[in-house]
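# Structure at a glance
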Amino acid sequence: KGKILYEFRGTIADQPDFDAGSDAEALYNAMKGFGSDKEAILDLITSRSNAQRQKIRAAYKSQYGKDLIDDLKYELTGKFERLIVGLMRTPAYHDAKEIKDAIKGAGTDEKCLIEILASRTNEQIHNLVAAYKDAYDRDLEEDVIGDTSGHFKKMLVVLLQGTREEDDVVSEDLVEQDAQDLYDAGEAQWGTDEAKFIMLLGNRSVTHLQLVFDEYEKIAEKSIEDSIKSELSGDFERLMLAVVQCIRSKPMFFAKCLYKSMKGLGTADNTLIRIMVSRSETDMLDIRECFRLRYEKSLYNMIQDDTSGEYKRTLLKLCGGDDDIAGEFFPEAAQIAYKMWETSSMTKVQLRGTVRPYQNFDPASDAKALRKAMKGFGTDEDTIIDIVTHRSNAQRQEIRRIFKSLLGRVRHLNNALSGRWRHLSRLNIDKALCNEISVSLLEDAIASETSGKFKRILISLAQGAREEGPADMARALEDAQELADACNSESDDMEDKFMSILCTRSFPHLRRVFQEFVRCSNKDIEQIIKKEMSGDFKNAMFAIVRSVKNQPSYFADRLYKAMKGLGTDDRALIRIMVSRSEIDLFNIRKEFKETHEASLHEFIQVEMLVGDTSGDYRKTLLIICGGED
């Protein structure tokens with residue numbers, strides 16, 4: 001894992017045949033008179049490097065006696081103005097302005113501090129500190145100390161020193177010791193030795209820490225990120241996670257930040273602008289590839305969908321291209337993809353549900369209580385909710401059996417409840433019905449309702465023929481090569497090969513297959529499915545790959561899609577909440593919060609406020625959800 005030198009990875013480079021005086025005149029003409037030619041301004045500024053823009057600014061002042069940034073501020077407005085002016089500042093002064101805005105006035109923008117200080121090199125930190133002093137005649141470290149507190153403040157101060165060991169410094173004899181020290185400082189003891197985390201993560205070189213993280217995973221049997229989430233909290237936790245993510249891969253860190261800035265309602269424009277400006281000449285190509293790798297859509301398309309006007313056109317020029325039309329990995333992204341699958345295959349995740357067996361379980365008492373709650377005028381919804389959501393599925397089946405023996409029927413829920421809540425409660429009681437349907441009947445139903453290769457996939461999955469057990473490395477290499485070879489075959493042959501492997505191999509085995517597929521083909525298995533397949537077959541293959549990679553993450557994404565936008569897909573929401581409640585709903589909640597920066601609990605509360613049956617329906621979902629995270 002030596003230091004790897006890559007070619008230029010930005011999207012904005014020096015303009016050939018550059019003439020600062022001519023460009024200064026063009027900008028002056030675009031701004032004189034009534035109104036301004038915004039298209040001309042954005043075209044010129046986004047096609048010059050930052051160094052060239054500084055020469056244009058100097059030429060503008062010598063030719064017209066005015067400051068170009070002041071004139072741009074006067075002529076432009078809103079987000080477009082902030083973006084163009086950000087491009088006109090040097091990187092160090094742009095960072096200084098962002099941090100000044102983050103800590104001035106009431107409240108602090110901790111996300112801005114975290115993003116900048118966790119991701120900058122030693123040289124960039126030193127330039128930032130000097131620029132801050134020059135622009136505001138203040139000491140940046142003193143201002144940060146005055147505006148933050150606790151371990152969060154201490155780590156920020158360490159990062160502000162800009163003393164991290166250089167990337168070629170790897171103390172091989174210390175790798176194992178540092179990993180053990182981190183483990184001893186957190187997982188191995190009651191309480192956490194935050195100072196040890198700060199010292200090691202704030203000073204060791206990037207290359208050294210990458211090796212430490214690999215070693216840590218062997219010792220702790222969990223990733224350093226998972227340990228930080230369980231041992232630390234608040235802004236300090238978020239800062240340390242950002243530091244770890246930047247050590248693993250800055251492009252992936254920024255891809256995540258960009259996604260979070262645009263998803264959901266509204267756009268965090270300050271974050272979007274800051275990253276697009278600061279990375280346009282550094283690693284935007286790799287950020288784009290990491291974005292597509294993680295979110296299955298291009299950064300270009302997301303900007304296009306989320307912004308408008310000259311602001312959008314400027315951002316798209318900084319982005320530089322649409323990766324949905326590309327197929328192969330850039331070098332950095334191929335390494336990240338390989339590492340992601342490797343981590344997925346090595347990490348041991350403890351799955352946790354949110355519904356557990358009730359300790360003092362009395363099925364006869366529960367059956368009588370449910371009967372009482374449903375007889376007479378009106379229904380005691382609270383009793384029904386309390387019993388149904390606080391019993392395991394096995395216990396619910398026992399209640400159902402006794403209820404039927406006492407009363408000779410189980411249709412009271414249908415009569416007593418309504419709408420979505422009835423469907424949810426019935427699913428809670430009837431979850432075992434799927435086990436009562438024979439595989440042959442299920443196959444008949446699939447055969448009559450579907451067709452082609454999609455039908456073959458479903459029948460294969462319904463037969464439960466998937467292998468179990470760990471990966472067979474020799475066979476995984478063969479399978480990966482077969483999939484890579486199939487990508488160059490006719491469409492039908494490719495689909496047959498994908499189906500024969502993806503529908504039958506165990507999940508641990510497939511993780512290794514997909515990891516080696518990156519090495520064999522330099523392609524992303526998800527992107528291949530997306531580009532080369534279509535319809536229900538594509539959706540089925542895609543769902544299998546997402547489940548293999550990270551099943552809780554897959555279900556978190558399905559829950560988000562079920563609730564976002566106009567209307568709620570109640571069937572999907574109910575199905576997932578019920579079916580995963582005793583398996584991994586706790587893990588799904590964690591993935592939901594990680595990706596969407598809002599807890600599943602919050603999302604359900606907000607999304608379920610509409611409709612006449614929302615009260616009991618929402619209350620039941622929230623209890624199954626099990627917590628606010």
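Conventions used here
- Residues numbered from 1 in each chain as written.
- Predicted model: local features only at pLDDT ≥ 70, side-chain atom pairs only at ≥ 80, totals over all residues.
- Heavy atoms only, no water.
- Axes fitted to C-alpha atoms, helices over the stretch in contact; angles between N-to-C directions.
- Helix = DSSP H or I, 4+ residues; strand = E, 2+ residues; numbered from the N terminus.
- Parallel < 35°, antiparallel > 145°, perpendicular 65-115°, else oblique.
- Left-handed = near helix turned anticlockwise from the far one by under 90°.
- Contact = heavy atoms within 4.5 Å.
- Core = buried A, V, L, I, M, F, W, Y, C linked by side-chain atoms within 4.5 Å.
- Buried < 20%, exposed > 50% of the residue type's maximum accessible area, 1.4 Å probe, protein only.
- Phe/Tyr/Trp six-rings, centres within 6.5 Å; stacked < 30°, edge-to-face > 60°.
- Lys NZ or Arg CZ within 6 Å of the ring centre and 35° of its normal.
- pLDDT = per-residue confidence, 0-100.

## A short note on the packing of helix H30 (residues 473–486) against helix H31 (residues 491–502)
At a closest axis distance of 9 Å, the pairing of H30 and H31 adopts a crossing angle of 160°. By the angle between their directions, the pair H30 and H31 is classed as roughly antiparallel. Taken as a pair, H30 and H31 cross one another with a handedness that is left-handed. Of the residues in H31, those touching H30 at Asp479, Glu482, Leu483 and Ala486 are Met494, Lys497, Phe498, Ile501 and Leu502.

## Re the nonpolar core
Ranked by size, the top nonpolar core spans 133 residues in total, and within it Leu72, Leu201, Met276, Phe498, Phe514 and Met541 carry the most contacts. The element contributing the most residues to this core is helix H15 (residues 234–248), with nine residues. Aside from chain neighbours lying at most four places away, what touches Phe514 is Trp341, Leu483, Leu502, Ile525, Val545 and Val548.

## Some words on the environment of Ile99
Secondary-structure assignment places Ile99 in helix H6 (residues 91–103). Among residues more than four places away in sequence, those in contact with Ile99 are Cys112, Leu113, Ile116, Leu117, Leu128, Tyr132 and Leu140.

## Some thoughts on the side chain of Asp366
In this fold, Asp366 is placed in helix H22 (residues 363–374). With sequence-adjacent residues up to four places away left out, Asp366 is seen in contact with Phe361, Ile387, Arg391 and Ile399.

## Points about the packing of aromatic side chains
Counting across every chain of the model gives 13 aromatic pairs. Considering the side-chain rings of Tyr259 and Tyr295, the 3.8 Å spacing of their centres and the 5° angle between planes classify their relative orientation as stacked. Here Tyr259 is found in helix H16 (residues 250–262), whereas its partner Tyr295 is found in helix H18 (residues 284–295), with 36 residues between them in sequence. Residue Tyr259 is classed as buried on the basis of its relative accessible area, which comes to 11%. Taking relative accessible area as the criterion, Tyr295 reaches 13% and is therefore assigned buried. By way of ring pairs, the aromatic residues Tyr28, Tyr60 and Tyr64 are connected into one cluster. Lying across the ring of Phe586, Arg352 places its NZ or CZ 3.6 Å from the centre. The residue whose ring lies beneath Arg391 is Tyr358, and the NZ or CZ to ring-centre distance is 3.9 Å.

## Describing the confidence of the model for the chain
Summary statistics for the chain give a mean pLDDT of 85 and a share of 87% for residues scoring 70 or more. Helix H27 (residues 433–436) is the least confidently modelled element of the chain, averaging 38 in pLDDT, while helix H3 (residues 50–64) averages 97, the highest of any element. Long-range and interchain partners of residues 1–6, a stretch whose pLDDT sits below 50, account for 10 contacts in this model, where long-range means more than four residues apart.

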